[in-house]
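Architecture and fold: a report
Residue strings, one per chain:
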Amino acid sequence: MKEQLEKIYQNASCDLEKVSSIAELEEIRGKYLSRKGEFNEIKKNLKNLSDEDKRVVGALANEITQKLESALRAKHDEFYKKELDEKLKQERIDITLPGKFTSQGREHLLTSTTNEIVSIFQSLGFSVVPKEHSPEVETEYYNFDALNVPKDHPARDVQDTFYTELASNVVLRSQTSGAQIHAMEGKNPPIRVIAPGRVYRNENINARKNNFFHQIEGLYVDKGVTFGDLKGVLNEFIRIYFGASRPTRFRNSFFPFTEPSAEIDVQCIMCEGKGCKICSGTGWLEILGAGMVDPNVLRGVGIDPDVYSGFAFGMGVERLAMLKYAVDDIRLFFNNDERFLKQF
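Let us look at the structure shown here.

What counts as what
Residues numbered from 1 in each chain as written. Predicted model: local features only at pLDDT ≥ 70, side-chain atom pairs only at ≥ 80, totals over all residues. Heavy atoms only, no water. Helix = DSSP H or I, 4+ residues; strand = E, 2+ residues; numbered from the N terminus. Rg over C-alpha atoms; globule rule 2.2 N^0.38 Å. Buried < 20%, exposed > 50% of the residue type's maximum accessible area, 1.4 Å probe, protein only. Areas by Shrake-Rupley, 256 points an atom, 1.4 Å probe, with all protein chains shown as cover. Lys, Arg positive; Asp, Glu negative; His and termini not counted. Charge placed at Lys NZ, Arg CZ, Asp CG, Glu CD. Pairing = 2+ DSSP bridges. Axes fitted to C-alpha atoms, helices over the stretch in contact; angles between N-to-C directions. Parallel < 35°, antiparallel > 145°, perpendicular 65-115°, else oblique. Contact = heavy atoms within 4.5 Å. Phe/Tyr/Trp six-rings, centres within 6.5 Å; stacked < 30°, edge-to-face > 60°. Lys NZ or Arg CZ within 6 Å of the ring centre and 35° of its normal. Polar contact = N/O pair within 3.5 Å; in protein donor to acceptor, adjacent residues only side chain to side chain.

This brings us to the overall build of the chain. Regarding its fold elements, the chain presents eleven helices and ten strands. Relative to the compact-globule value of 20 Å for 344 residues, the chain shows a C-alpha radius of gyration of 42 Å, a clear excess of over 25%. Reported as C-alpha extents along the three principal axes, the dimensions of the chain are approximately 120 × 50 × 45 Å. Buried positions account for 40% of the 344 residues belonging to the chain. Split by element, the accessible area of the chain, about 19600 Å² in all, is 48% carbon and sulfur. Each charge class in the chain was averaged separately, 46 positive and 51 negative side chains, and the resulting centres sit 5 Å apart.

Quick look at the structure:
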């Protein structure tokens, strides 16, 4: 039996010299060391030997088994390292090569401008009106009637307002001012809110105007609110947004839902004189309209104008962005030209 063990070991050693892969190693392991392998078959016959022969043959069988397992592990490590080196060589990456640039999306200039304006007014104590109180599709009541706009007002004509087919009194809102009414209905002052959103007007498109654009509406109602408070809030906003060096002016104006009313202009930074297409050569560009909330508007939502007063304002986001970033054509915001958008 000793001769059989030594013969099997010699055969296994010869087989190991011929292997060329890990897969062939596993075949040898199965042939000699598995439960049905040759060494295990001999161990099964140890029970037929005397006690002395069992000790001698058993010790030899264990010794040969350990030597063979050691040789198998050594071969396995050798082939594994070789295969790993070949794989790494094939999959080698030259880290000195320049990487491929993948462009990333970013906020549109109008979005970042809106967020900046909202942030400024939030720092001044205003909160944002919930979206359900500032819908883009409105009834004439919220877009006109509740804002003290007469039935015969030119703004209600189809030439200025987009009417929908949902119903004869349903429009695409022409101003964010309707959010004022939603914000005041069923509420008790003090009320201090802003409402950003898109608005739509049936206008000719040019460098200064588009048939849809973005506004931010503001409203403050409380006891003792004055026009001085309005000027203070708007001047502070302009100072933060533009910086103290940007000249501004307040002009008398008229809006059906405010009395007295004013328009606020900012000095044009792209002005080329009489031929300037942005300010029409005036040197100024209107950025917002404002005024004290008309008593009729307050009464309409159940707020007593003898006790409370308030101011409201509405500003154009595009105008503000144009003046801050020297954009000379409002259409650039909507053309999706990457050469323009990547600048911001």
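Now that the structure has been shown, the text picks up again.
A word on the pairing of strand β5 (residues 191-200). With seven of ten residues buried, β5 is to be regarded as a mostly interior element. As paired elements, β5 and strand β6 (residues 212-222) share ten bridges and run antiparallel to each other. Paired with G197 across the bridge in β6 is Q215.

Remark: helix α8 (residues 227-242) packs on helix α10 (residues 317-325), axes separated minimally by 11 Å, with the N-to-C direction vectors making an angle of 45 degrees. The orientation of α8 relative to α10 falls into the category oblique. On the side of α8, the interface is formed by F237, Y241 and F242, while α10 contributes L320, A321, L323, K324 and Y325.

Before going further, it helps to spend a moment on the packing of aromatic side chains. When we look at a pair of aromatic rings, we describe it by the centre distance and by the angle of the planes. Counted under the stated rule, the structure contains 16 aromatic pairs. A ring pair is formed by F121 and F237, whose centres lie 4.9 Å apart and whose planes are at 15 degrees; its orientation type is stacked. Residue F121 is found in helix α5 (residues 109-123), and its partner F237 is found in helix α8; the two are separated by 116 residues along the sequence. Across the pair, F237 and F121 agree in class, each one buried. Among the aromatic side chains, those forming a connected cluster through ring pairs are F121, F126, Y220, F237, Y241, F242, F311 and F313. In this structure, R192 is placed above the aromatic ring of F126, and the distance from its NZ or CZ to the ring centre is 5.7 Å. A cation sits over an aromatic face here: K231 above F250, 5.0 Å from the ring centre.

All right, on to the sheet that holds strand β1 (residues 127-128) then. Read from one edge to the other, the open sheet built from seven strands follows the order β1-β5-β6-β10-β9-β8-β7, with strand pairing classed as mixed. Bordering the open sheet on either side are β1 and β7 (248-255), each of which pairs with just one other strand. Bridge count for β1 against β5 is two bridges, and the pairing is parallel. Bridging across to β5, V128 finds its partner in I194.

As summarised here, the arrangement of the three strands in space is β2-β4-β3, forming an open sheet in which the pairing is antiparallel. Only two strands of the sheet have a single neighbouring strand rather than two, namely β2 (137-139) and β3 (162-163).

Okay, the environment of E116 next. Following the sequence through the fold, E116 ends up in helix α5. When the C-alpha atoms of E116 and Y241 are compared, they prove to be 8.1 Å apart, with 125 residues separating the residues in sequence. At a separation of 2.6 Å, a polar atom in the side chain of E116 contacts the side chain of K324.

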